Amino acid sequence: MSPKRIIKSMTALFASMAFLFAGNALIVTSIGVVLKERGEGPLVVGIISSCFFIGGLIGTISAHKIISKIGHIRSFGLFGAIFGISAMLHTISNNLIFWAVLRFLIGICYYGFLMVIESWLNEKSKNAIRSRILGFYEIVFYLSFGIGTLIIALNLSRHNVFILSAALILFSSLPLNLIKIKEPLLPASSPISIPKVFDIAPLAIITSFIAGMLINGFFSMAPLFILLQKFNNQAVSYFTFCGILGGFFAQTIMGTISDKLGRKFAIITCASIGFFTMLVFVFFKPCLYIQYCLSFLLGMGIFCLYALALARANDVLVIKNKGVELGRGVLFCYSLGSLFGPLILGLLMQYFDTKGFTWFYISLLGFLILFTINRPNILSKKFSKKPGNMVMLDD
């Protein structure tokens, strides 16, 4: 079956994805704006944001069991209902502990969504056309996530932000229930086994961990970085969108660079783009429009790192049937980095203001460049490029 026919047969799933990613983008990127308007400091923003990724770690472990018992469509509806309810419940209380619990639940549901979607795509896509199917998935993600961040520019009230994000998430369940689609067979329930880090290439482990810190630190704390410079919510929206746009652009070229010149070269290239971009913030005081351009370049530098880490890990994989286990190990490191990123950024920005954000990226990207340079070269092999947001799927 051709890629177009497969994509057409999964129209309902892709329509659901569009609502899901837009709703998630709105609630993830707006949390810094909402808490800043309430007068909370960067450390509080970082702690609340990290609760999302604690939930993500739990979701990575537990969601597979739910899917294996009730199926993909019903699991999607279950996660959507809990996600939507959790988003709306933000409006009934200002208690930060309550908000932390809600973010924890949302994290579980979002990673559950990812497991439903990516396992579905993995089963329906044959090896010969998988990269094209995943490429379309990549387009849907970046476009939808970008639209979600642009909604912040509308300067909606806190109440309306949470209600709209909940509505988008709940809408995501409708296409799967209204449009006829054949869901995959129930997967067998199996425990997740995280391989020992020494069984995986050190470069893959370090890169995935740093990627988690950088990427999700950006989503969680970049809005606060802009607000601390006395810019408005519209500037937050455009700055975040430009970063996502840069990541989308980089995805279109970095796979080719990685295949032709090797994962190591590609990782150094991405890290260097981000590193020198952040140096501009140190030596200059760029105006807002220049910062939009710098956000685009930063997105180019950080959003491909997870995919390159997973590719590097697969390059050194000796036992081929350990691919899924290896992917989960890299995912675990990525999720762990996602947990610590907002926390560390919150602490740095609490005491060093915007300089904390800048030096966080410079330090991690500089370390990654030096670490990568000192790694031995591994002969590259062809691989199906996976977008950086695909943290569950393994070929």
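In this report, we go over the structure that sits alongside the text. None of the values given here were measured: they were computed from a predicted structure. (Residues numbered from 1 in each chain as written. Predicted model: local features only at pLDDT ≥ 70, side-chain atom pairs only at ≥ 80, totals over all residues. Heavy atoms only, no water.)

1. A few points about a nonpolar patch on the surface
Here's step 1: Together, Phe19, Phe171, Leu174, Leu178 and Ile179 give the surface a local cluster of nonpolar side chains, amounting to about 470 Å² of exposed area.
Here's step 2: As for its position among the elements, phenylalanine 171 is in helix α7 (residues 158–171). (Patch = residues over 30% accessible without salt bridge, like charges linked within 9 Å, V, L, I, M, F, W, Y side chains within 5 Å. Areas by Shrake-Rupley, 256 points an atom, 1.4 Å probe, with all protein chains shown as cover. Salt bridge = Lys/Arg side-chain N within 4 Å of Asp/Glu carboxyl O. Helix = DSSP H or I, 4+ residues; strand = E, 2+ residues; numbered from the N terminus.)

2. Examining empty space enclosed by the protein
Here's step 1: The full count for this structure, using the stated rule, is three cavities of 30 Å³ or more.
Here's step 2: In this model, the second largest cavity occupies a volume close to 100 Å³.
Here's step 3: Together, 13 residues line the second largest cavity, and Val33, Ile152, Leu156, Val161 and Asn233 are the ones closest to its centre.
Here's step 4: Listed by contribution, the elements that provide at least two residues to the lining of the second largest cavity are α2 (11–37) and α7.
Here's step 5: Considering every element that reaches the lining of the second largest cavity, the biggest residue donor is α2, with five residues.
Here's step 6: Looking at side-chain class alone, the lining of the second largest cavity contains seven nonpolar, four polar and two charged residues. (1 Å grid on protein atoms, 1.4 Å probe; cavity = no way out; pocket = protein on both sides within 12 Å on 5 of 7 lines; lining within 4 Å. Points joined across faces, edges and corners; volume = space filled by probe spheres on them. Nonpolar A, V, L, I, M, F, W, Y, C, P; charged D, E, K, R; others polar.)

3. So, the packing of helix α9 (residues 202–227) against helix α12 (residues 288–302)
Pairs of packed helices are described in terms of their axes, by the angle between the two and the distance that separates them.
Here's step 1: Interhelical geometry of α9 versus α12 gives an angle of 165° and a closest axis separation of 11 Å. On the basis of the axis angle, α9 is roughly antiparallel to α12. The handedness of the crossing between α9 and α12 comes out as right-handed. Contacts between α9 and α12 involve Leu214, Ile215, Phe218, Phe225 and Ile226 on the former and, on the latter, Gln291, Ser295, Leu298 and Ile302.
Here's step 2: Class assignment for the residues of the contact of α9 with α12 results in seven nonpolar, two polar and no charged. (Axes fitted to C-alpha atoms, helices over the stretch in contact; angles between N-to-C directions. Parallel < 35°, antiparallel > 145°, perpendicular 65-115°, else oblique. Left-handed = near helix turned anticlockwise from the far one by under 90°. Contact = heavy atoms within 4.5 Å.)

4. Some details on α12
Here's step 1: With 15 residues, α12 ought to run about 21 Å at 1.5 Å a step, and its terminal C-alpha atoms sit 21 Å apart, in line with that.
Here's step 2: Taken together, the buried positions of α12 are occupied by Leu288, Gln291, Tyr292, Leu294, Ser295, Leu298, Gly299, Met300, Gly301 and Ile302. (Expected span 1.5 Å × (residues − 1). Buried < 20%, exposed > 50% of the residue type's maximum accessible area, 1.4 Å probe, protein only.)

5. Focus: the packing of aromatic side chains
Here's step 1: All told, the structure shown has 30 aromatic pairs when counted by the stated rule.
Here's step 2: Between phenylalanine 225 and phenylalanine 281, the ring centres sit 5.6 Å apart and the planes meet at 80°, which makes this aromatic pair edge-to-face. With a gap of 56 residues between them, phenylalanine 225 in helix α9 and phenylalanine 281 in helix α11 (residues 263–283) connect regions that are remote in the sequence. Neither phenylalanine 225 nor phenylalanine 281 differs from the other in exposure class; each is buried.
Here's step 3: In this structure, arginine 38 packs its charged tip against the face of tryptophan 99, placed 5.0 Å from the ring centre. (Phe/Tyr/Trp six-rings, centres within 6.5 Å; stacked < 30°, edge-to-face > 60°. Lys NZ or Arg CZ within 6 Å of the ring centre and 35° of its normal.)

6. What about the pattern of salt bridges?
Here's step 1: Summed over the entire model, instances satisfying the criterion amount to one salt bridge.
Here's step 2: With its nearest N and O atoms 3.6 Å apart, the salt bridge here joins glutamate 40 to arginine 38.
Here's step 3: According to the relative accessible area criterion, arginine 38 is partly exposed, its value standing at 27%.

7. Some details on the environment of serine 62
Here's step 1: Residue position: serine 62 is located in helix α3 (residues 42–70).
Here's step 2: On the basis of relative accessibility, which here comes to 25%, the residue serine 62 falls in the partly exposed class.
Here's step 3: Between the C-alpha atoms of serine 62 and tyrosine 111, which are 49 residues apart in sequence, the distance is 9.8 Å.
Here's step 4: Here isoleucine 58 takes part through its backbone oxygen, which lies 2.8 Å from a polar atom of the side chain of serine 62. (Polar contact = N/O pair within 3.5 Å; in protein donor to acceptor, adjacent residues only side chain to side chain.)

8. Some remarks on the layout of surface pockets
Here's step 1: Considering only enclosed or pocket space, the second largest pocket measures out at about 280 Å³ in volume.
Here's step 2: Contributing to the lining of the second largest pocket are Phe225, Gln229, Phe281, Val282, Phe284, Lys285, Pro286, Gln291, Thr354, Lys355, Thr358 and Trp359.
Here's step 3: Counting residues per element, the lining of the second largest pocket draws most heavily on helix α15 (residues 354–373), at four residues.
Here's step 4: In terms of residue class, the lining of the second largest pocket is made up of six nonpolar, four polar and two charged.

9. Brief notes about the side chain of serine 208
Here's step 1: Within the secondary structure layout, serine 208 lies in helix α9.
Here's step 2: Among residues more than four places away in sequence, those in contact with serine 208 are Tyr306, Ala309, Val330, Cys333 and Tyr334.

10. Considering unusual backbone geometry
Across residues other than glycine, the phi torsion is negative in most instances, and most of the peptide bonds are trans.
Here's step 1: Located in the positive-phi region is asparagine 155, a residue other than glycine, with phi close to 55°.
Here's step 2: By the secondary structure assignment, asparagine 155 is in the loop between α6 (130–150) and α7.
Here's step 3: Although it is not a glycine, aspartate 353 adopts a positive phi angle of roughly 60°.
Here's step 4: Residue position: aspartate 353 is located in the loop between α14 (323–352) and α15.
Here's step 5: By relative accessible area, which is 36% here, aspartate 353 ends up partly exposed.

11. Concerning the environment of leucine 176
Here's step 1: Structurally, the position occupied by leucine 176 is in helix α8 (residues 173–178).
Here's step 2: Measuring from C-alpha to C-alpha, the distance between leucine 176 and arginine 74 comes to 9.4 Å, with 102 residues separating the pair along the chain.
Here's step 3: Sequence-distant contacts of leucine 176, that is, excluding residues within four places in its chain, are made with Ala12, Leu13, Ser16, Ile73, Phe76, Trp120 and Ile181.

Purely geometric stuff here, so don't read any function into it on its own.
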